[in-house]
Amino acid sequence: MPIHKLAEDVVAQIAAGEVVERPSSVVKELLENAIDGGAETIHIGVWGDGRRKIQIMDDGCGIPAEDIELAFMRHATSKLDTAEDLYRILTLGFRGEALASIASVSHVQMSTRCAEESVGTTIRLEGGTIVNRKSVGLPAGTTITVEQLFFNTPARLKFLKSEMTEKRQIANLISRYAMAYPQIRFVLEQDQREVLRAGGSGDLADVLVNVIGLDTFKNMLEVDTRSEDYQGIRVYGYTSTPNLHRADRSKITLFVNGRWIQDTGLTHAVVQAYHTLLMTGRYPIAILRIDMPPELVDVNVHPTKAEVRFQSHEQVFSAVQRAVRRSLIEHARVPSFRTGRGSFTDAGRDWRDTSRQMDMELDLRDPGQHAVRQSEDATGDGSEIPEGLGAPARPRTLPMLRLVGQIAASYIIAEGPAGLYLIDQHAAHERILYEQFMADYAQQQTVAQYALEAQTVHLSAPEARLLEASLDALARLGFGIEPFGPNLFVVRSVPGMLADGDPVEVITSIIQDLEAGNTPGQQAIEDKIILRVCKTAAVKAGQILSVEQMQGLIRQLERCDSPLTCPHGRPTLIHISSDQLAREFGRLGV
Ligand code: ADP
Ligand code: MG
């Protein structure tokens, strides 16, 4: 075929393919137009998967009669004028492509009246061609009806997902816009059944109760950098407490200047804020809005505008990470035990289910009499891991606890101002060691080494390769390991913490950790090694502890940054309130 210019309708369809990929993309574009038009209420109706009919009705500014044809022309927009405007975009649309694209692959009817005009207009297009236009009496605002989507692009039809998938996609989409614009009321009807109604009050919390449900919302913490200076970047919204988590990152929702974005980096910033608070492979739920000067973010990267480019990704990353982390630390609360119908022996057996039974009440009330008793007990504190000499006392993160005893050689029982505390000795010690290790490490202090009588380890070939690749990381963390022959290594030192352990066992465990999950990068390798070192060094379940050891452990746990979970995210302690005890014994109201 000789080279020739494509016919206009072919060009239109090629371009449309970028913007209108599937029914949900039509909903997205029309919704954005309604939002940009200043609507207060938006009704969305979808029939089937949306191919049959999509209707969006808004009460926004409408389109002046003389501009209506223009609105359907490619690259015609009221939102942008000069190229510089591209760097200060505050509207969702700006490319002037959506209406033209949608019209080119469907039958569209638009009825619109702008508030300043007394009559409105209805216009009909089929495959991009105007077939009808008339003046009519209408309320102010715009209603667009899209029917027979992709009627002239049969190839596109083949690639559509199932009706269920598309419906879910559309509902998710509306939920996201509702979260981004709490001041707008959104009503979604699918096959004439109302499936979502949210927003209008201006309060994100109201939207979330509708979108994620009250039970989930109860476990969300507020995030807001309002008072702090993050170089003009404000991060606000909600993030889940560490006992609420999901198997993937899909519940981390981010908006930049009111635009929903997908950004793996920023999603990771949220995940990183939970470092050591969540088990690996578990992810939080978060809805975060990032507001920043529009000139610091480029939204003109992709036709669907779901990706953006930041002038300084690092700055935004750090703002998000710090904001979430701070809210987690500030809101860290002792999970207290709330039993359901049964007794507390059968509830909460699996810590992963504890979100149901845990009532996130932290009582840091004045410890009163407990404090006095506590300080008496505290004399002769026989902590086996002395706090750093001359180090400033760290702030208390738990109420002062009084040691009562140990059960099952695994749990420490303690009393605090608000009731009974059961501490998992292994998990708690892991947390303490982890924070001490990280503190040393952060200060670039060489990790204390313990020299051994040289011991050899013989590994399988793949294990040997893994170990070789991690030798630097291991050396930084206090392991002196050298290659000694084919798949043979000699161990000369281990981190001081592991002085009593079996070095060969530790190294084989580390290799197993490195094999599992396979997260690349030196940082991930170090994290795994550190976690393993702390786990190995921590007292075990089944180990009988002396009163001094238990007191030392409690003292140190009280001053951990995140005393409530071990570095793998499991709880270190369970709280049973005095009220709860009274209730269990039927004493309440007696
Ligand atoms: P863009 O949104 O990028 O400007 P569109 O093709 O989506 O491009 O829309 C073209 C123009 O039509 C918009 O710039 C706007 O002026 C007008 N318009 C479209 N939908 C609406 C609406 N619901 N309310 C008011 N104006 C609208
Ligand atoms: Mg638009």
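Residues numbered from 1 in each chain as written. Chains lettered and ligands numbered in written order. Predicted model: local features only at pLDDT ≥ 70, side-chain atom pairs only at ≥ 80, totals over all residues. Heavy atoms only, no water.

Asker: Even after reading the chapter, I still don't get the overall build of the protein chain, so can you show me in this structure?
Answerer: Along the backbone of the protein chain there are 19 helices and 24 strands. Within the protein chain, the proportion of its 590 residues that are buried is 48%. In the protein chain, the proportion of contacts linking residues at least 24 apart, taken out of those at least 6 apart, comes to 69%. When the accessible surface of the protein chain is totalled, it reaches about 28,800 Å², and 51% of it is carbon and sulfur. (Helix = DSSP H or I, 4+ residues; strand = E, 2+ residues; numbered from the N terminus. Buried < 20%, exposed > 50% of the residue type's maximum accessible area, 1.4 Å probe, protein only. Contact = heavy atoms within 4.5 Å. Areas by Shrake-Rupley, 256 points an atom, 1.4 Å probe, with all protein chains shown as cover.)

Asker: What's the story with the site of ligand 1 in this structure? I'm lost.
Answerer: Every one of the 19 residues lining ligand 1 counts as a neighbour, but Asn33, Thr77, Ser78, Lys79 and Gly96 are closest to it. Here ligand 1, which alone exposes 530 Å², has 93% of that area covered by the protein. Of all elements in the fold, only helix 2 (23–36) and helix 4 (98–104) reach the threshold of two or more residues within the shell around ligand 1. Tallied by class, residues from the shell around ligand 1 come to 8 nonpolar, 7 polar and 4 charged. (Near = heavy atom within 4 Å. Nonpolar A, V, L, I, M, F, W, Y, C, P; charged D, E, K, R; others polar.)

Asker: In this structure, what is going on with the sheet that holds strand 2 (residues 53–58)? I would like to understand it.
Answerer: Strand-to-strand pairing in sheets goes through backbone hydrogen bonds, with the strands running parallel or antiparallel. Overall, mixed pairing links the 8 strands, which are arranged 5-4-3-6-2-1-7-8 in an open sheet. Each edge of the open sheet is held by one strand with a lone partner, namely strand 5 (129–136) and strand 8 (193–198). With strand direction ignored, the average angle separating the axes of adjacent strands in the sheet is 10°. Two strands pair when backbone bridges link them, and strand 3 (residues 107–113) and strand 6 (residues 141–147) are joined in this way by 7 bridges, in the antiparallel orientation. Note that in strand 6 the partner of methionine 110 across the bridge is isoleucine 144. Across the face of the sheet, helix 2 comes into contact with strand 1 (41–47), strand 2, strand 6 and strand 7 (185–190) while running at roughly 10° to strand 2. (Pairing = 2+ DSSP bridges. Axes fitted to C-alpha atoms, helices over the stretch in contact; angles between N-to-C directions.)

Asker: Got a minute to help me understand the environment of lysine 535 in this structure?
Answerer: Mapped onto the secondary structure, lysine 535 falls in helix 17 (residues 522–537). On the basis of relative accessibility, which here comes to 24%, the residue lysine 535 falls in the partly exposed class. Between the alpha carbons of lysine 535 and histidine 429 there is a distance of 8.5 Å; along the sequence they are 106 residues apart. Not counting residues within four places of it along the chain, the set of residues in contact with lysine 535 comprises His426, Glu430, Lys540, His568 and Arg570. A distance of 3.3 Å separates polar atoms of two side chains, one belonging to lysine 535 and the other to histidine 426. (Polar contact = N/O pair within 3.5 Å; in protein donor to acceptor, adjacent residues only side chain to side chain.)

Asker: Could you clarify how one ought to interpret the pattern of salt bridges in this entry?
Answerer: Close approach of charged atoms allows side chains with opposite charge to pair. Taken as a whole, this structure holds 21 salt bridges when the rule is applied. Salt-bridge contacts for lysine 28 lead to glutamate 29; the nearest nitrogen and oxygen are separated by 3.7 Å. Residue classification places lysine 28 among the buried positions, given a relative accessible area of 13%. On the basis of relative accessible area, glutamate 29 is assigned to the buried category, the value being 5%. (Salt bridge = Lys/Arg side-chain N within 4 Å of Asp/Glu carboxyl O.)

Asker: Where do I start with helix 10 (residues 313–331) in this structure?
Answerer: Because an α-helix completes one turn every 3.6 residues, residues spaced three or four positions apart along the sequence face the same direction. With 19 residues, helix 10 extends 27 Å from end C-alpha to end C-alpha; this agrees with the ideal 27 Å at 1.5 Å per step. Within helix 10 the residues assigned to the buried category are Val316, Ala319, Val320, Gln321, Ala323, Val324, Ser327 and Leu328. The inward-facing, buried residues of helix 10 contact strand 9 (220–224), strand 10 (234–240), helix 9 (264–273), strand 13 (286–291) and strand 15 (309–310). (Expected span 1.5 Å × (residues − 1).)

Asker: Just checking my understanding: could you explain the pairing of strand 5 for this structure?
Answerer: As paired elements, strand 4 (residues 120–126) and strand 5 share 7 bridges and run antiparallel to each other. Bridge assignment links threonine 121 to a residue of strand 5, and that residue is serine 135. A loop of 2 residues connects strand 4 with strand 5, the two strands running antiparallel in sequence, and glycine 127 in this loop sits at a positive phi of about 55°.

Asker: Any chance you could explain the packing of aromatic side chains here in plain terms?
Answerer: Think of a pair of aromatic rings as described by two things: how far the centres are apart, and how the planes are tilted against each other in angle. Counted by the stated rule, this structure contains 1 aromatic pair. A cation over a ring is seen here: lysine 53 above tryptophan 47, with NZ or CZ 4.3 Å from the ring centre. Lying over the aromatic face of tryptophan 260, arginine 176 brings its terminal NZ or CZ to 3.4 Å of the ring centre. (Phe/Tyr/Trp six-rings, centres within 6.5 Å; stacked < 30°, edge-to-face > 60°. Lys NZ or Arg CZ within 6 Å of the ring centre and 35° of its normal.)

Asker: Where do I start with helix 6 (residues 163–180) in this structure?
Answerer: Spanning 18 residues, helix 6 covers 26 Å between terminal C-alpha atoms, matching the ideal 26 Å at 1.5 Å per step. Every buried residue belonging to helix 6 is among Glu166, Lys167, Ile170, Leu173, Ile174, Ser175, Arg176, Tyr177, Ala178, Met179 and Ala180, and all of these are buried.

Asker: Can you walk me through the sheet that holds strand 21 (residues 449–458) in this structure?
Answerer: If you trace the 3 strands from one edge of the open sheet to the other, you get 21-23-22, paired in antiparallel fashion. A strand with exactly one partner marks an edge of an open sheet, and here the two such strands are strand 21 and strand 22 (480–485). Here the strands of the sheet are splayed against their neighbours by 15° on average, with no regard to which way each runs. Judged from the 7 bridges that link them, strand 21 and strand 23 (residues 488–495) form a sheet pairing that is antiparallel. For tyrosine 450, the partnering residue across the bridge sits in strand 23 and is valine 494.

Asker: Where do I start with empty space enclosed by the protein in this structure?
Answerer: Where empty space is left in the structure can be found by rolling a water-sized probe over the atoms. Summed over all chains, the structure comprises 4 cavities of 30 Å³ or more. The calculated volume of the second largest cavity comes to roughly 70 Å³. Forming the walls of the second largest cavity are Ile89, Leu90, Thr91, Leu92, Val256, Asn257, Arg259, Pro294, Val297 and Val299. Looking at the lining of the second largest cavity, its residues break down into 7 nonpolar, 2 polar and 1 charged. For the lining of the second largest cavity, the two domains that each supply at least three residues are domain 1 (4–197) and domain 2 (213–331). (1 Å grid on protein atoms, 1.4 Å probe; cavity = no way out; pocket = protein on both sides within 12 Å on 5 of 7 lines; lining within 4 Å. Points joined across faces, edges and corners; volume = space filled by probe spheres on them. Domains from an automatic or database assignment.)

Asker: Please clarify how the environment of aspartate 298 should be interpreted in this entry.
Answerer: Tracing the backbone through its elements, the reader meets aspartate 298 in strand 14 (residues 297–298). Overall, aspartate 298 belongs to the partly exposed group, its relative accessible area being 21%. Residues aspartate 298 and tyrosine 87, spaced 211 residues apart in sequence, show a C-alpha to C-alpha distance of 6.7 Å. In this structure aspartate 298 touches Val308 and Arg309, once residues within four positions along its chain are discounted.

Asker: Just checking my understanding: could you explain a nonpolar patch on the surface for this structure?
Answerer: Taken together, the side chains of Leu6, Val10, Val11 and Ile14 make up a nonpolar region of the molecular surface, amounting to roughly 330 Å² of accessible area. A relative accessible area of 55% means that isoleucine 14 is categorised as exposed. (Patch = residues over 30% accessible without salt bridge, like charges linked within 9 Å, V, L, I, M, F, W, Y side chains within 5 Å.)

Asker: Quick question: what am I supposed to make of the side chain of histidine 107 here?
Answerer: For histidine 107, the location among the structural elements is in strand 3. Overall, histidine 107 belongs to the buried group, its relative accessible area being 12%. One polar contact links histidine 107 to glutamine 148, side chain to side chain, over a distance of 3.5 Å. Not counting the four nearest positions on each side in its chain, histidine 107 is found in contact with Arg124, Leu125, Glu126, Gly127, Thr145, Val146, Glu147, Gln148 and Phe151.

Asker: I'm lost on the confidence of the model for the protein chain in this one. Help?
Answerer: Should pLDDT be low for a region, the predicted coordinates there are not to be read in detail. On average, residues of the protein chain carry a pLDDT of 82, and 86% of them reach 70 or more. Ranking the elements of the protein chain by mean pLDDT puts helix 11 (residues 354–357) last with 31 and strand 2 first with 98. The low-confidence segment residues 336–392 (pLDDT under 50) makes 84 contacts with residues lying over four places distant or belonging to another chain. (pLDDT = per-residue confidence, 0-100.)

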